[in-house]
Structures are given as structure tokens and as C-alpha cells.
2 protein chains.
Amino acid sequence: MDRKLSRALRASFLLMGLGGSTAIAQGTAPLHPLDGLTTAEYWVAYDVLQQAGHAEPDSFFASVLLREPAKDFVFAWKGGLPIPREADVVMLQKGKTFEARVDLAARKLISWRELKGLQAPFLSSEIFGTDEMIKKDPRVLEALKKRGLTDLNSVECLALPLSYAAVPEQDTQRIGFGSCSQQHGSYHSWGQSIEGLTLQIDMVAKKILKVVDTEVVPVANGAVNYEEIPEHARPGTTPIAISQPMGASFQIKNSEVSWQNWHFRFRIDQRIGPVVNLVRFEDGGRMRSVMYEGSLSELYVPYMDPSNGWNNRVFIDAGEFYSGIGLLKPLRPGLDCPANAAYFDGLSAGEHGAPKISSQVVCLFERTGSDPAWRHFEGHNVYGRPARELVMRSAAVVGNYDYLMDWRFQQDGSIDVAVGATGVIETKASAQKDAAGQAMDQSSMNMPMEYGQFVAENTIGVNHDHFFSYRLDMDVDGPDNSFMADRMVQQLLPSDPMRKSIWAVKPMIAVREKDAIMDIHLETPSMWLFANPNVKGPLGYPTGYEIMPGATAKSLLSPDDLPQKLGGFSEHQFWVTPNDPMQRYAAGVYPTSSKATDGLAVWTKSNRPIENTDLVGWYTLGFHHMPRVEDWPVMPTMWHHFQIRPFNFFGANPVLDLPKTQ
Amino acid sequence: MDRKLSRALRASFLLMGLGGSTAIAQGTAPLHPLDGLTTAEYWVAYDVLQQAGHAEPDSFFASVLLREPAKDFVFAWKGGLPIPREADVVMLQKGKTFEARVDLAARKLISWRELKGLQAPFLSSEIFGTDEMIKKDPRVLEALKKRGLTDLNSVECLALPLSYAAVPEQDTQRIGFGSCSQQHGSYHSWGQSIEGLTLQIDMVAKKILKVVDTEVVPVANGAVNYEEIPEHARPGTTPIAISQPMGASFQIKNSEVSWQNWHFRFRIDQRIGPVVNLVRFEDGGRMRSVMYEGSLSELYVPYMDPSNGWNNRVFIDAGEFYSGIGLLKPLRPGLDCPANAAYFDGLSAGEHGAPKISSQVVCLFERTGSDPAWRHFEGHNVYGRPARELVMRSAAVVGNYDYLMDWRFQQDGSIDVAVGATGVIETKASAQKDAAGQAMDQSSMNMPMEYGQFVAENTIGVNHDHFFSYRLDMDVDGPDNSFMADRMVQQLLPSDPMRKSIWAVKPMIAVREKDAIMDIHLETPSMWLFANPNVKGPLGYPTGYEIMPGATAKSLLSPDDLPQKLGGFSEHQFWVTPNDPMQRYAAGVYPTSSKATDGLAVWTKSNRPIENTDLVGWYTLGFHHMPRVEDWPVMPTMWHHFQIRPFNFFGANPVLDLPKTQ
């Protein structure tokens, strides 16, 4: 399709606010240096590597990602100027991992090097390609037989990567960790794991190195078919219709989104999902920068059961599993997004280098919770303005868990970042049927179920954590910001006639990275602020944006435990680093079989200066999960969130001028 | 109106899901022992007290509230049986406070006693009735003159109660604390306080005891007219229409609300707003109890400036200010509630005993955020069900602040309790214009602005806290419950080949009240559970409901500071007491000029047993507020919330049977 026509079509399509699916400059030529890789560009990366002799039949494209241009370049760039484009490519060849940098505009290979001691993410073909081999191993057959499993058709085996280097073989080999489940009676195999049987596999030699069989437990047989239970929907639910008869009030032009004074771009990244860029707010005609880039950086999901097959379940979900189809999975209209949503497709590199379209992986919609943006009752009258928000939603699905990932732009200059966790929990089969034998008294509180709880008969939901690291390249009124913690501190008033104490604000400017490591303690609260010491608002304060945490959690694992070192970002709730474009992933670029030599906890050890410079904030959103019966066979969605909100950025409440009606 | 007809009309009206305003059995005869007081009943209370000689011309009705019947009685009661009804009345007569208990059904006075050393809440006529007297005092006139204020028409003075006994005169007299503001140039007087001038007033003798004038500061002259700024609404906002063409799917019958397996009642209480009762969930045909009663209990709002006129600003908003019109103020259709909302009126006792209707103070509506109740991507398909919720909303407004108070019933058995804070912040005039002189570097961090920040020229938003106590009479499958804290504790794994640590669950049953005082520490997390040790779910666990906290705060004041003792509930995030129907208000029944001898922190000192008995949970929702420029002249709404959610209450996910479309 002609580029100009395509652009016009895309714009008019979305200006009308219609649903349907479209791409933000991913299929055609890029319109902006920060646009996602296009189909043509994926093929250029392929051609360059192929012509350089690196795309042999036994070579696999583990990762093809846009390499962003420098910020300075982006600031200077204007429409019409040439767009330099590069891709970072990770190739896997006979178990060796190579890193390539490709100049897409010049169609040439900039660099190519082998990464010794690091592992490319596992390919889908590796994970699922071991089934046949595993089911031929006599030790496995014997183990299955012990469990009464002789029909191999309904048994599925796979090999997963392990995020951290738990066994010495991982130092020199590409090791997969095998396990099996069975599917008989269901249309999926969650909840029917084959316990106690684990394998260690040399993924290159395609050889099973070790079969461990610790415990024969029958496969659980609970009700797992969530989609079919029950037969009939509950009656009496009358329809709620949401419509925007005059179309959406957001616009997309040259792949930039404009809505209610907000302006931003986004691309869909194979590894980390939506990346929002150049987030600006139009304030009385001035286009003011808030955030250069915001995205998920990484996920860390450690399980909490010490038995064989469970003690090494520690997932670094984005970095380990994005190869192939990518982190994001399709959204379903009417379920995940409303009738007035617009949809966007993503592109990802398949393992042979060819791009694949991921359909409708991001949606954008306005919604109102019927809440006031502000209101006040005064003199027998109610004043106020109704609020709405713009939601950019995607769904990250890695195996069993589904995470709805929202960026919710508020009219008042705030951005609410939210994660809704749903999907299927990981369960362990138990010989014990249920908890019926457990009394509920103090004496029985040193119980057998400390690692999980029954969610169905013979089925234990295993305890675990979820930690998300969000990377927030804040540019409040420009790239150079300082990070402040305004601490609220008790102050005694020895001579006050009326009272003995108040709290007072003690601001602290973080000079180095360690000053900006924030932990939430209710006894010692503080307000976290990115402020621009070079720009003052009308009242003389440096303009700023606050990071307001939501309910969250920190990791309880021992800091010297390797999995915890890898997920070290979960030690603290907020971190600040000087912006280094090579430091994007909080658990490092290559978390597979990792020794935790890269990532946020490592970088910040050097305690770099961070005052009045280009800063990146890292928010840890975490929650502990003790499964409950209600989480089975599929979990009700649970939301967690945090907020990015203006603090002395504007000259007053920025939503006084909203219309009085919705 | 005939009672039967009225009931039928009310039911059919709401069954059709129309908007408009109605009362839940508040104007006519009660349909249930927990219904709010009716117009007729207010008049019975009046008549009984009048006939007993207690309603003389100088007597004031400070409070007339339903006195709930005993739970046992309510459980035994059935439609058609007589409904015993009582009211608790507080009378104020020549500065003396009297407490009466009136049997409404028998039309007789049960008890009457003077409360020595306790103060009835202030009447509106007391608060606003001092204006003329104050403006006649030569010391005040002199003070106003010093500030250039000679036109008294635009000066407004009032006398506020003080929650705690800060001065010795409060021990023996009814003391009001006077202050003035001016209104010239605005349609309200927020933001134009007259600083430094305070008064101490004997409210009975109507005598100004003391005038303190510490500091002459000009009245601030910032832009305060939020409703008129700017002249034109921003363009480009296309309408979002929400409709329920077939009507709402909730029903109200005999003033009981039914929606999506939920059943509950509510009444509108003058002091604490909506009180939900008999909250049950229909589970496979069984009507199961979740919560007997849930409501706000109290608010505690201490300010953090030690200067004259500010050092005693500590509000116990419900208990001090509910007299007269009551806590709740009207909701505006289209602003506070959507087009598909139903509205409910409240009744409150005026200071002469006559009931007054508060129009549209509660609304009830279904809404969808276009979020899935659950979803899962599996085998190239997305499965799931769209969610909706039922919102019961009110707006508590005490002077400057507006709190939207939501009870959000979820289809999955959870209840989200949320507070949206908006309205106008309290400001202090400053001789200094703004913060322009402040540098942003480490040396200037011991700053002049530690008690607040400029929000407009010469206008400082003063730092303060908000603490809400919610009273939750949980009855999980019956009244007798135990409270558990499932602690997540690090466990080292010295012999594990794969890792060094996990966390394990260590449950604790709270035997006495002190065991159940919960503090949030990210290092020592726990899950808070009301469990019924007498009822087991299908998997053998006691059935339970979890209290899941949201982001919150604890008080930083010194525990031995009297205001903090009064708001002592803010020391901890959760408390559990044995149910005592006389213990309803977390800062005590009579917080005005109080010595903090009543309330949650006092009751729990006796450390009563709480195992397997009728329990009440007390959740503290708190936040510190350092005002920002954006909070002026009216605050963007900020939400905080917590959740009450099933934990091993059901046999599985309870929303598998939702319809597939919204």
C-alpha cells in the first residue's frame, strides 16, 4: 500500500472513532524514529543477517527489537527528515548465542558477536519440541507407568528455561527443565500436572541428562474446564450499552495520539509490550514534556514450594519468554475492551526471522466511571465536572497467567498504571484430597499446607509472588530532572499550648542512586517527586511529577539467594538511575540461566550521581499470592496500580475547563 | 400515603430501573427493624420528649438516631411481626447535654439523663449564630481594622467546636473557637481566611472570653472561583452515552436490594451516612451471610501547622458535625452518578426536632469499566466474561472537603469500599507572595514551607491527614467468627540444591483484641481473614472473608498527644473487637471537647477475648495530604480504597456463570 494513502486511511479511520484493528506504523514505513519495526524492516534485518552468512538453516532469530535512536537525535528530529533505524537481533545457533546490531536504513550489519556465558531466550520450538523425546525415554515411561499413565496421547511434556543458574550444567550447556502433565478429560492441561517427575535436558544435543522421580502422586482430577462451567449463564443481567455516537475524542495523526491535552506516541514491543513515548501535556498552548518513555521493564514470579519440580519455578516472564509471538496476546472485543475501543496490531519476529502479526493486542478507549473530576457542595448547590479517562490496554499472557496492562491517562494530568491479574494459577497434585482433617485451632497452626492451599480436590494452588518493574524515563519539562523525597517527620511542639506534635516536611534531593532507593514504611512516609530544578512554575516551585505508589509488596526471599538477586528490583519499591539507553530491563538483557550480573540491583551498586540530569525511575508493583478456592479453575481479576501525577507542574487545577456534561 | 400502595409503587418504580429519587422506607412506616427512622417516627420522638417536658423553647435536638434492635432479635424477626423501634436522642439545653432513649412503638421515654463532662455536637445555629456577636466586639473590630477590613458586610465569622479539650475552659463550659474570613470578590469565602485572629467563646453565655491576635497578614486574593474559571469549556470532548435500555438489573423489594446474587439492606444515617445491613450472597440457592453491618464509623482530620488558629484544627468530622442536616449532601445527576442511577433521600432531625428531607443523598447504579471478571488466553483463543459492579454512592461534605463514599459490590463476592476526596483545601494567608525565593538545592532544604505549600499567591495549602474508620460487623456464615492473620515468613532452605529461601505461611488465630491489631509492614506481610471455625467449605477450610488493604497511612502524631488519643484508631490499620452494639464510633460517641475517654483505642485496652464470637473489624483508611498547586482552587478527585473479598468462602470461582456479553 502506498505510504501516504495508508497514513491517510489510518488517520481518518481512527478520527472517526471506529473500532476495528489497525497498526501504528508497524506494517508500513516508519513515520517517526520511535515507531515500531515494520514488516519491511524485519525483512531487512533478515536479509542483512542472511547475506552476512548468519542465517543458516540451523540459525534461529530469538529476538529482533527496535534499537531506539539517542534521545538527542529524537528531540532534534522533525517530520520529513530521514529516519535512521536500527535493530538489535539475538541469534541462536547450535546452542551459541549471538548478538547483532543491524542498520536498517543502510541495510548493513554494524556488529556481530558471540555472547559467552549468556543464553538467548528459549524458542517455542525448544519448549514444545521436546515432547516426543521425553516420552520415548524409558525412565520417563517407567515413571508414568508408576502413576498409571500408559496412554501417551494425553500426556504432554515440555522443557522450560530456568531464569537463574541453579545447576552447574547451566554454566556450559543450554539446559531445559522438563516436566509433564496430562490432559485427559479437559481441553487444556492446567491443573493436571504430573508431580515429582522432572528432567534436565541438553537442548542442543537434544539429550535427557537427568530424570528425577521423587514422589508418586496421582494426577489431580478436579473441575478445570472453566469455559464450560456451568452450562447456562445466570439470568437477570440487563444490558449496559456504552456508545460514543459522535466518535471517540482521541485522534491519531502520524501515529501520535492526542486526547484532552495529552499527546503521546506508542509502539508495540515484542519483549515488553506497549512502549509509550514523548508523553506531553498541552498547557495553555505550550507543549510540555512529562515522560520520554514508559513501559513495563520486567516481571519476576517466584514460587514458594521447596519440592522437586517447584523449588526452581522462578520466572522472569518478559525476558525469558518473549521470543516468537511476544509478550502480548489478543484482546477480545466486548470482554477486554468496550464497543467504542480502537485496536492495534503488533509485529513480532518468528524464530526464522519472518515477522508475524499479532492481531488486536492493544486497544485504546475512553471510559467514564461516572466519577467527578472534581466537585464541591457549597451554599445548597453542587458544582463540578464529570471525568473520563483514556485507557491503553494490552494483555500479557505467559502460559497460565493473564495480566491486563493498562496505561490510563487522566484529564487532570495524571497517569494511572494498572495491572489486572487473571488466568489460571499453577497447581500441584496432592495425594491428600482436601483440608478436611485440619482443625482450626492454635495447636494445628503449624500445618502441612504452608506452601499452598487446596483449590480443588487433590489440587493445591502453590503460593507465589508477582513483581513488575516499570521503567519510567521521566522528562518533566525537559530531560534534566532531580529526584526528591519529601519526608513527613514528626515534630514535637514543647511550647505549644494546644498540642504536642505535628508532622513537618523534610525534603531531600537524591544526589546519588542510593539516596533514591525508596522503601514504603508507614512510620516514615515520603512523597516521591521528579522535579525540574531548571524550570519554575508560577509560584516559584520547580515543576514536578509525583510517583504515588499503590498497595504493593516486597520480596521476602533472602537477598543472597540467586533467584532473588536476579529479581533484585523487588527488594525496593522505587529506584532512580541516570538514563542509560542500554539499561532497559530490570533483570538484565539475558535472564535465562542467569547469574544475575545485569539488572537494576547491579547497576545501582555503582551509586552514580543523579542530580539535575536525565533520570529514569523504576517502580516495583508487587503482590504476594496465597491462592484461595475462589481462584480456581480460573481467577477473578485482581487489580493493582500506581499513579504518576503532576505536583506543582501546572499553575492550578488543570480540569477547571472540562465540559459540565459527559 | 397508604403503606401497601407506597411499597408497591416504590418497588415497581425501581424494578423498572428508572432514575429519580425515592426513599428506602424513611418517610413512611418502617418495613424492617433496620430501616431508617421515618418522618412519623421523628415526630413521635419529638412528641414523647415534648410531653415529658424536655422540649422547651430553649431545648435543641442535637441528634435523633435509630437505636438498632439486638442482632438476635433481627435474626428472629420475620415480615408481618411487630417491629420494635427506638431512637437515641441527644438534647442540648442551656449548655447541658442530655441523652434520651425513646421507645417509638410504645411512644414512651425509656431513659433521660444528663451527661456531665460531655458535649453534644454543635448545632448549625451555634456555628453560624455568632457572626453578629463577633463582629460587634471592639477587639475584633480593631483587629479587622489592622488588616484594612472595615466593611463588615463581606466579613463572615463563625464559631467551631474543637474535638479535643485543648484549653481548661472546655472542662466546664461549652466553648466555641471563633475565626473570620472575608468574601469580597467571590461567591464563597474559602481561601480568604483572616489569619492570626482567633476567639474563644462561651456558647451558652454567648460571650467572647478571649480574643487572640498574633499576626497581621493581609487576606489572600487568589483566584478562588473554581466554578467560573475559565469562561468556556475545552472543545473536542465527544459524548459518551451509557444506557440500560431494559432497565437496571438490581431490584428493591421491601427495601432490600438484590443484585447478582447479592442481597442487602441499607439505611441513611444522619451521623455516619449509609449503613449497609444483612449483606448476604446467594450461593447455589443458599442465602449465606457475609456482613451484618458495614458503615463509616468516624473521620479524623488533623492539620499540621503550629500557628495560632491552626494548631487546634483537628476535626472528628462525623461526630462533631452531623447535627442538623447530617453528614451527607446531595448528589448531582450526571456529575456524581450516571444516567442509569436510582437516587435515595435521607431524613435528618433539625435542631428543633422536626425531620428534614435530604434529597438524593445516595445513588445506586450498575457500571462496567469494560474489564473482564476473568479471562484466559489458551490455544489461540481468549475465554472470559465481562464484569460489572453495583455502586452505592454518597457524598459526605463537611465544610470544605467533599468525600465520595462508595460501596462497590462485585459480582465475584468482593466489596470494594472507596473514598474519593475532592472539594476545597483549607488555606492560610501568607505575607510572602510565593516560593520564588526558594532555591532547589540541599542547603535550602530546611525550608520555610515545612507546614504547607503555596497553591496561589499569598495562599498556603496547609498539610493535613485524613483518616477514615470503617466499622465492619462481619458475620461470615453466621455471627461467630474468628480473626486470623496468615503471616508470610521467610524460610531458609539449607539443604535445597536449587535455592536458599522461600516464604511460608504461618497462620495465627487472634485470641484477644491485641492479637488482632494489624500494622502494615512490607517486611512482615500478612493476610487478614475473618473465618468461621464452625462452618467448613467443600475442601475442609473454614469459610472466610479477607480484608485486603489498599494504599494507606498511619498517624505520625505523638501517641500521648490528646488529639491523637481521640483519633487513636489511626495508630493501626486494622482492629478487631467483640461486637458491642454500644461501640459504634471509633472516636467515641461525644468527640466534641473530648478527653478521649471513649473510642476504639480505649475499648481495646481491656484486651477482650475475640475467638469464635461475634466480631467487628475496624479498617483505617488514611492518607497524608501535602497540597500541591493543582489542588487549587478545587481539588481533582483522589481515590483510596480497600476490599472485602471471599477467601475459601465459595467452592470455586463464583463468576464462571456470568453471561458472555455485557
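Residues numbered from 1 in each chain as written. Chains lettered and ligands numbered in written order. Predicted model: local features only at pLDDT ≥ 70, side-chain atom pairs only at ≥ 80, totals over all residues. Heavy atoms only, no water.

1. Comments concerning the state of the cysteines
Reasoning step 1: Tallied over the entire structure, the rule returns four disulfides over all chains.
Reasoning step 2: The disulfide partner of cysteine 157 of chain A is cysteine 180 of chain A, and the S-S distance across this bridge is 2.1 Å. Looking along the S-S bond of the cysteine 157 of chain A-cysteine 180 of chain A disulfide, the torsion reads about 105°, which is the right-handed sense. With a gap of 23 residues between them, cysteine 157 of chain A in strand S6 (residues 155-160) and cysteine 180 of chain A in strand S7 (residues 175-182) connect regions that are remote in the sequence. For the pair cysteine 157 of chain A and cysteine 180 of chain A, a shared accessibility class is recorded, and that class is buried.
Reasoning step 3: Here cysteine 337 of chain B connects covalently by a disulfide to cysteine 363 of chain B, the sulfurs 2.1 Å from one another. Handedness here is read from the sign of the S-S torsion; for cysteine 337 of chain B and cysteine 363 of chain B, about -90°, the answer is left-handed. (Disulfide = S-S within 2.5 Å. Helix = DSSP H or I, 4+ residues; strand = E, 2+ residues; numbered from the N terminus. Buried < 20%, exposed > 50% of the residue type's maximum accessible area, 1.4 Å probe, protein only.)

2. Brief notes about the relation of the copies chain A and chain B
Note: a rotation about an axis with an accompanying shift along it relates these two copies of the chain.
Reasoning step 1: Superposition of chain A onto chain B requires a rotation of 180° combined with a translation of 0.0 Å along the rotation axis, giving an RMSD of 0.0 Å. On this basis, the relationship between the two copies can be described by a two-fold rotation axis.
Reasoning step 2: A share of 100% of interface residues in chain A that are also interface residues in chain B marks the association as one of identical surfaces. (Least-squares fit on C-alpha atoms with pLDDT ≥ 70 in both. Contact = heavy atoms within 4.5 Å.)

3. Concerning the sheet that holds strand S26 (residues 452-456) of chain A
Residue and element names in this part refer to chain A.
Reasoning step 1: Pairing in this open sheet of three strands is antiparallel, and the strands run S25-S27-S26 from one edge to the other. At either end of the open sheet lies a strand with only one pairing partner, and these are strand S25 (427-429) and S26. Strand-to-strand twist across the sheet, computed as the mean angle between neighbouring axes with direction ignored, equals 40°.
Reasoning step 2: Where S26 lies against strand S27 (residues 459-462), four bridges are found, and the strand directions are antiparallel. Each residue of the ladder has a partner; that of alanine 456, found in S27, is threonine 459. (Pairing = 2+ DSSP bridges. Axes fitted to C-alpha atoms, helices over the stretch in contact; angles between N-to-C directions.)

4. Some thoughts on the interface of chain A and chain B
Reasoning step 1: At the junction of the two partners, chain A supplies 184 residues and chain B supplies 185 residues.
Reasoning step 2: In this assembly, chain A packs against chain B so that about 15500 Å² is buried in total across both faces, 57% of it on carbon and sulfur atoms.
Reasoning step 3: Along the contact surface separating chain A from chain B lie 14 salt bridges.
Reasoning step 4: Residue aspartate 336 of chain A pairs with arginine 375 of chain B through a salt bridge whose shortest N-O separation is 2.6 Å.
Reasoning step 5: At the junction of chain A and chain B, the tally comes to 101 residue pairs in polar contact (both at pLDDT 80 or more).
Reasoning step 6: Class assignment of the residues belonging to the side of chain A that touches chain B gives a composition of 102 nonpolar, 46 polar and 36 charged. (Buried area = accessible area lost by both parts, 1.4 Å probe. Salt bridge = Lys/Arg side-chain N within 4 Å of Asp/Glu carboxyl O. Polar contact = N/O pair within 3.5 Å; in protein donor to acceptor, adjacent residues only side chain to side chain. Nonpolar A, V, L, I, M, F, W, Y, C, P; charged D, E, K, R; others polar.)

5. A look at the sheet that holds strand S8 (residues 197-202) of chain B
The pairing of strands in a sheet happens through backbone hydrogen bonds and is either parallel or antiparallel.
All names here are of chain B.
Reasoning step 1: Read from one edge to the other, the open sheet built from four strands follows the order S6-S7-S8-S9, with strand pairing classed as antiparallel. Edge positions in the sheet fall to strand S6 (155-160) and strand S9 (207-213), since each of these pairs with one other strand and no more. Strand-to-strand twist across the sheet, computed as the mean angle between neighbouring axes with direction ignored, equals 25°.
Reasoning step 2: Bridge analysis of S6 against strand S7 (residues 175-182) gives six bridges, and the strand direction is antiparallel. The residue of S7 that forms the bridge with cysteine 157 is cysteine 180.
Reasoning step 3: Where helix H6 (residues 138-146) meets the sheet, its contacts fall on S6, S8 and S9, and the angle it forms with S9 comes to roughly 25°.

6. Things to note about the pattern of salt bridges
Reasoning step 1: Under the defined criterion, the tally for this structure stands at 92 salt bridges over all chains.
Reasoning step 2: In this structure, lysine 71 of chain A engages aspartate 475 of chain A in a salt bridge whose closest nitrogen and oxygen atoms are separated by 3.0 Å. Here the residue lysine 71 of chain A occupies a position in helix H3 (residues 71-76), and aspartate 475 of chain A occupies one in the loop between strand S28 (464-474) and strand S29 (480-492), the gap between them amounting to 404 residues.
Reasoning step 3: Here lysine 136 of chain B makes a salt bridge to glutamate 132 of chain B, at a shortest N to O gap of 3.5 Å. Side by side, lysine 136 of chain B and glutamate 132 of chain B carry an identical accessibility label, which is exposed.
Reasoning step 4: Salt bridges linked by common partners bring Arg367, Glu389, Arg393, Asp406, Arg408 and Asp416 of chain A together with Asp371 of chain B together as one network.

7. Things to note about the packing of aromatic side chains
Reasoning step 1: Tallying each qualifying case throughout the model produces 62 aromatic pairs over all chains.
Reasoning step 2: Summarising the aromatic geometry, the rings of phenylalanine 264 of chain B and phenylalanine 409 of chain B are spaced 4.2 Å apart at their centres and angled 5° between planes, so their arrangement reads as stacked. Here phenylalanine 264 of chain B, found in strand S13 (residues 262-269), pairs with phenylalanine 409 of chain B, found in strand S23 (residues 401-410); they are 145 residues apart in sequence, far enough to count as distant.
Reasoning step 3: One aromatic cluster in this structure is built from Trp262, Phe264, Phe281, Phe409, Tyr545, Phe649 and Phe650 of chain A.
Reasoning step 4: Across from the ring centre of tryptophan 639 of chain B, 4.7 Å away, lies the NZ or CZ of arginine 408 of chain B, which sits over that ring. (Phe/Tyr/Trp six-rings, centres within 6.5 Å; stacked < 30°, edge-to-face > 60°. Lys NZ or Arg CZ within 6 Å of the ring centre and 35° of its normal.)

8. A closer look at the pairing of strand S20 (residues 372-378) of chain B
Residues and elements named next belong to chain B.
Reasoning step 1: Within S20, seven of the seven residues are buried, which leaves it mostly tucked inside the rest of the structure.
Reasoning step 2: Summarising the sheet, S20 and strand S21 (residues 381-386) pair through six bridges and their orientation is antiparallel. The residue bridging histidine 376 from the neighbouring strand is tyrosine 383, located in S21.
Reasoning step 3: Turn length for the S20-S21 hairpin, with the two strands adjacent in sequence and antiparallel, is two residues, and the turn residue glycine 379 shows positive phi of about 55°.

Such coordinate-based values are descriptive only and should not be taken to indicate function.
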